[in-house]
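Chains, contacts and geometry: an overview
The chain contents come next:
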Amino acid sequence: MKRLLLGVCVIVMFLSACAVFQKKTNQETIGQEAVTGETAAPETAVPVFERKIAEDVPSFVSDALKSVPQDALVGIGAAKLSNISMSQTMAAARAQADIARQINQVFVQMVRNYSVTSASDPEMVQLFQERISVTIVKARLSGVSFPVQYTDDDGCFWVAAVMNREPVSDTISNAQDQAKDDFPQMSSFSTAALLSDAIASIAKEEIPVAR
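Everything quoted here is computed from the prediction, not taken from an experiment.

The next point concerns helix H4 (residues 122-138). The end-to-end C-alpha distance of H4, which contains 17 residues, comes to 25 Å, matching closely the 24 Å that a straight helix rising 1.5 Å per residue would cover. For H4, the full list of buried residues reads Met124, Val125, Phe128, Gln129, Ile132, Ser133, Thr135 and Ile136. All buried residues of H4 lie within an arc of 165 degrees about the axis, which places them on one face of the element. Away from the buried face of H4 by more than 90 degrees, exposed residues Glu123, Val137 and Lys138 are located. Buried residues along H4 sit against helix H3 (84-117) and helix H5 (165-179).

Let's shift gears to the pattern of salt bridges. One pass over the full model with this rule turns up four salt bridges. Taking the shortest distance from any N to any O, the salt bridge between Arg101 and Asp98 comes out at 2.6 Å. Here the residue Arg101 and the residue Asp98 both occupy positions in helix H3, the gap between them amounting to three residues, near one helical turn. Residue class for Asp98 comes out buried when judged on its relative accessible area of 7%.

The biggest cluster of nonpolar side chains holds 36 residues, and the ones touching the most others in it are Val106, Ile172 and Phe189. For this core, the secondary structure elements donating two or more residues are strand E1 (73-79), H3, H4, strand E3 (157-163), H5 and helix H6 (191-203). No other element matches H3, which puts 11 residues into this core. With near-sequence residues (within four places) excluded, Ile172 lies in contact with Ile103, Val106, Phe107, Met110, Ile136, Thr191 and Leu195. Among the nonpolar cores identified, the runner-up in size contains 17 residues, and Ala64, Ala72, Val74 and Val162 belong to it.

This part is about the sheet that holds E3. Sheet architecture is open: four strands sit in the order E2-E3-E1-E4, paired in mixed fashion. On the outer flanks of this sheet lie strand E2 (144-151) and strand E4 (209-210), each paired with one strand and no other. For E1 and E3, the ladder comprises seven bridges, and the chain directions are antiparallel. Bridge assignment links Ile76 to a residue of E3, and that residue is Ala160.

Conventions we followed
Residues numbered from 1 in each chain as written. Predicted model: local features only at pLDDT ≥ 70, side-chain atom pairs only at ≥ 80, totals over all residues. Heavy atoms only, no water. Helix = DSSP H or I, 4+ residues; strand = E, 2+ residues; numbered from the N terminus. Expected span 1.5 Å × (residues − 1). Buried < 20%, exposed > 50% of the residue type's maximum accessible area, 1.4 Å probe, protein only. Arc of directions from axis to C-beta. Contact = heavy atoms within 4.5 Å. Salt bridge = Lys/Arg side-chain N within 4 Å of Asp/Glu carboxyl O. Core = buried A, V, L, I, M, F, W, Y, C linked by side-chain atoms within 4.5 Å. Pairing = 2+ DSSP bridges.

Below you can see the structure in the form of C-alpha coordinates.
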(Lines give C-alpha, C1' and ligand atoms only; values in the text may rest on other atoms or scores of the structure.)
Protein backbone atom coordinates (compact mmCIF):
# COMPACT_ATOMS: atom_id res chain seq x y z
CA MET A 1 0.00 0.00 0.00
CA LYS A 2 2.84 2.40 0.87
CA ARG A 3 4.47 1.71 -2.49
CA LEU A 4 1.16 2.46 -4.25
CA LEU A 5 0.74 5.76 -2.41
CA LEU A 6 4.35 6.68 -3.19
CA GLY A 7 3.80 5.97 -6.90
CA VAL A 8 0.66 8.14 -6.96
CA CYS A 9 2.51 11.00 -5.30
CA VAL A 10 5.33 10.80 -7.84
CA ILE A 11 2.84 10.97 -10.72
CA VAL A 12 1.02 13.95 -9.21
CA MET A 13 4.30 15.80 -8.66
CA PHE A 14 5.36 15.12 -12.27
CA LEU A 15 2.07 16.43 -13.72
CA SER A 16 2.25 19.54 -11.53
CA ALA A 17 5.78 20.26 -12.71
CA CYS A 18 4.68 19.95 -16.36
CA ALA A 19 1.81 22.37 -15.78
CA VAL A 20 4.11 24.91 -14.13
CA PHE A 21 6.63 24.62 -16.97
CA GLN A 22 3.93 25.11 -19.61
CA LYS A 23 2.51 28.15 -17.79
CA LYS A 24 5.99 29.67 -17.51
CA THR A 25 6.66 29.08 -21.21
CA ASN A 26 3.37 30.76 -22.18
CA GLN A 27 4.12 33.72 -19.93
CA GLU A 28 7.61 34.10 -21.41
CA THR A 29 6.16 34.04 -24.93
CA ILE A 30 3.56 36.68 -24.06
CA GLY A 31 6.21 38.79 -22.36
CA GLN A 32 8.50 38.60 -25.38
CA GLU A 33 5.66 39.67 -27.69
CA ALA A 34 4.92 42.61 -25.40
CA VAL A 35 8.57 43.74 -25.46
CA THR A 36 9.34 43.21 -29.15
CA GLY A 37 5.86 43.84 -30.53
CA GLU A 38 6.25 40.67 -32.57
CA THR A 39 3.82 37.79 -32.72
CA ALA A 40 4.32 34.27 -33.88
CA ALA A 41 4.33 34.05 -37.66
CA PRO A 42 1.09 32.56 -38.99
CA GLU A 43 1.15 29.68 -41.41
CA THR A 44 1.80 30.78 -44.96
CA ALA A 45 -1.48 30.92 -46.87
CA VAL A 46 -1.69 29.24 -50.25
CA PRO A 47 -2.16 31.97 -52.88
CA VAL A 48 -5.61 32.00 -54.43
CA PHE A 49 -5.61 31.80 -58.20
CA GLU A 50 -8.06 34.32 -59.66
CA ARG A 51 -8.90 34.12 -63.34
CA LYS A 52 -8.91 37.34 -65.30
CA ILE A 53 -11.69 38.13 -67.76
CA ALA A 54 -11.06 40.69 -70.48
CA GLU A 55 -14.34 42.53 -69.89
CA ASP A 56 -17.16 42.86 -67.38
CA VAL A 57 -19.38 39.79 -67.27
CA PRO A 58 -22.50 38.90 -65.26
CA SER A 59 -21.79 37.78 -61.71
CA PHE A 60 -23.16 34.29 -62.44
CA VAL A 61 -20.23 33.84 -64.85
CA SER A 62 -17.43 35.19 -62.66
CA ASP A 63 -18.75 33.45 -59.53
CA ALA A 64 -18.92 30.07 -61.27
CA LEU A 65 -15.33 30.32 -62.45
CA LYS A 66 -14.04 30.64 -58.89
CA SER A 67 -14.51 26.90 -58.37
CA VAL A 68 -12.85 25.85 -61.63
CA PRO A 69 -9.56 23.92 -61.14
CA GLN A 70 -6.43 26.01 -61.67
CA ASP A 71 -5.09 23.66 -64.33
CA ALA A 72 -8.24 23.85 -66.47
CA LEU A 73 -8.93 25.98 -69.52
CA VAL A 74 -11.99 28.24 -69.66
CA GLY A 75 -13.79 29.64 -72.68
CA ILE A 76 -16.60 32.21 -72.48
CA GLY A 77 -19.13 32.69 -75.24
CA ALA A 78 -22.05 35.12 -75.53
CA ALA A 79 -24.80 35.46 -78.12
CA LYS A 80 -28.07 37.32 -78.55
CA LEU A 81 -30.02 35.99 -81.54
CA SER A 82 -33.68 35.75 -82.46
CA ASN A 83 -34.46 33.05 -79.90
CA ILE A 84 -32.91 31.52 -76.80
CA SER A 85 -32.17 28.14 -78.41
CA MET A 86 -30.13 29.69 -81.22
CA SER A 87 -28.37 32.00 -78.77
CA GLN A 88 -27.44 29.06 -76.54
CA THR A 89 -26.08 27.02 -79.46
CA MET A 90 -24.03 29.92 -80.78
CA ALA A 91 -22.65 30.90 -77.35
CA ALA A 92 -21.62 27.29 -76.64
CA ALA A 93 -19.91 27.01 -80.04
CA ARG A 94 -18.00 30.23 -79.42
CA ALA A 95 -16.90 29.11 -75.95
CA GLN A 96 -15.67 25.77 -77.31
CA ALA A 97 -13.85 27.47 -80.17
CA ASP A 98 -11.95 29.55 -77.64
CA ILE A 99 -11.06 26.39 -75.72
CA ALA A 100 -9.55 25.00 -78.95
CA ARG A 101 -7.60 28.23 -79.40
CA GLN A 102 -6.20 27.96 -75.89
CA ILE A 103 -5.23 24.30 -76.34
CA ASN A 104 -3.18 25.37 -79.33
CA GLN A 105 -1.62 28.15 -77.23
CA VAL A 106 -0.70 25.56 -74.60
CA PHE A 107 0.92 23.39 -77.26
CA VAL A 108 2.88 26.32 -78.72
CA GLN A 109 4.14 27.15 -75.23
CA MET A 110 5.15 23.51 -74.77
CA VAL A 111 7.16 23.66 -78.01
CA ARG A 112 8.90 26.85 -76.84
CA ASN A 113 9.85 25.27 -73.53
CA TYR A 114 11.03 22.15 -75.34
CA SER A 115 13.20 24.13 -77.73
CA VAL A 116 15.13 25.73 -74.87
CA THR A 117 16.70 22.43 -73.81
CA SER A 118 16.41 20.34 -76.97
CA ALA A 119 19.08 19.88 -79.62
CA SER A 120 16.46 19.15 -82.29
CA ASP A 121 16.68 20.91 -85.63
CA PRO A 122 14.74 24.21 -85.30
CA GLU A 123 13.22 23.79 -88.76
CA MET A 124 11.99 20.32 -87.87
CA VAL A 125 10.51 21.65 -84.61
CA GLN A 126 8.68 24.39 -86.54
CA LEU A 127 7.21 21.88 -89.00
CA PHE A 128 6.15 19.68 -86.10
CA GLN A 129 4.45 22.62 -84.38
CA GLU A 130 2.55 23.59 -87.51
CA ARG A 131 1.34 20.03 -88.12
CA ILE A 132 0.12 19.49 -84.56
CA SER A 133 -1.52 22.92 -84.42
CA VAL A 134 -3.58 22.17 -87.52
CA THR A 135 -4.64 18.81 -86.06
CA ILE A 136 -5.66 20.43 -82.77
CA VAL A 137 -7.77 23.07 -84.52
CA LYS A 138 -9.60 20.37 -86.50
CA ALA A 139 -10.02 18.03 -83.53
CA ARG A 140 -13.43 17.26 -82.12
CA LEU A 141 -13.19 18.31 -78.49
CA SER A 142 -14.30 15.89 -75.80
CA GLY A 143 -14.36 16.30 -72.05
CA VAL A 144 -15.78 19.84 -72.12
CA SER A 145 -18.25 20.81 -69.39
CA PHE A 146 -20.57 23.82 -69.27
CA PRO A 147 -20.98 25.12 -65.71
CA VAL A 148 -22.64 28.32 -66.95
CA GLN A 149 -25.58 28.49 -69.36
CA TYR A 150 -27.75 31.47 -68.47
CA THR A 151 -29.41 34.52 -69.97
CA ASP A 152 -28.75 37.98 -68.54
CA ASP A 153 -31.33 40.73 -68.04
CA ASP A 154 -30.73 42.04 -71.56
CA GLY A 155 -31.51 38.71 -73.18
CA CYS A 156 -27.90 37.80 -73.99
CA PHE A 157 -27.11 34.13 -73.49
CA TRP A 158 -23.83 33.32 -71.69
CA VAL A 159 -21.94 30.03 -71.75
CA ALA A 160 -18.74 29.16 -69.94
CA ALA A 161 -16.95 26.05 -71.18
CA VAL A 162 -14.37 24.26 -69.03
CA MET A 163 -11.82 21.67 -70.10
CA ASN A 164 -9.77 20.02 -67.37
CA ARG A 165 -6.13 19.03 -67.62
CA GLU A 166 -6.71 15.38 -68.58
CA PRO A 167 -8.74 15.98 -71.77
CA VAL A 168 -6.37 18.80 -72.74
CA SER A 169 -3.49 16.34 -72.44
CA ASP A 170 -5.40 13.73 -74.42
CA THR A 171 -6.14 16.18 -77.24
CA ILE A 172 -2.47 17.12 -77.62
CA SER A 173 -1.24 13.54 -77.23
CA ASN A 174 -3.68 12.26 -79.86
CA ALA A 175 -2.54 14.94 -82.31
CA GLN A 176 1.07 14.03 -81.61
CA ASP A 177 0.37 10.32 -82.17
CA GLN A 178 -1.10 11.06 -85.59
CA ALA A 179 2.16 12.74 -86.66
CA LYS A 180 4.74 10.54 -84.94
CA ASP A 181 5.59 8.54 -88.08
CA ASP A 182 6.41 11.74 -89.95
CA PHE A 183 8.48 13.22 -87.12
CA PRO A 184 10.58 10.46 -85.55
CA GLN A 185 13.11 13.12 -84.55
CA MET A 186 10.52 14.55 -82.14
CA SER A 187 10.11 11.35 -80.12
CA SER A 188 11.60 13.08 -77.07
CA PHE A 189 8.77 15.62 -77.04
CA SER A 190 6.80 14.59 -73.95
CA THR A 191 3.34 16.00 -73.37
CA ALA A 192 3.31 14.66 -69.81
CA ALA A 193 6.55 16.45 -68.93
CA LEU A 194 5.78 19.77 -70.64
CA LEU A 195 2.06 20.25 -70.01
CA SER A 196 2.00 21.54 -66.43
CA ASP A 197 4.12 24.67 -66.97
CA ALA A 198 2.49 25.48 -70.29
CA ILE A 199 -1.12 25.16 -69.11
CA ALA A 200 -0.33 27.21 -65.98
CA SER A 201 1.05 29.99 -68.16
CA ILE A 202 -1.95 30.09 -70.50
CA ALA A 203 -4.54 29.78 -67.71
CA LYS A 204 -3.23 33.02 -66.16
CA GLU A 205 -3.94 35.05 -69.29
CA GLU A 206 -7.09 37.13 -69.65
CA ILE A 207 -10.10 35.20 -70.92
CA PRO A 208 -11.75 36.99 -73.84
CA VAL A 209 -15.51 36.88 -74.36
CA ALA A 210 -16.19 35.28 -77.74
CA ARG A 211 -19.07 37.08 -79.43
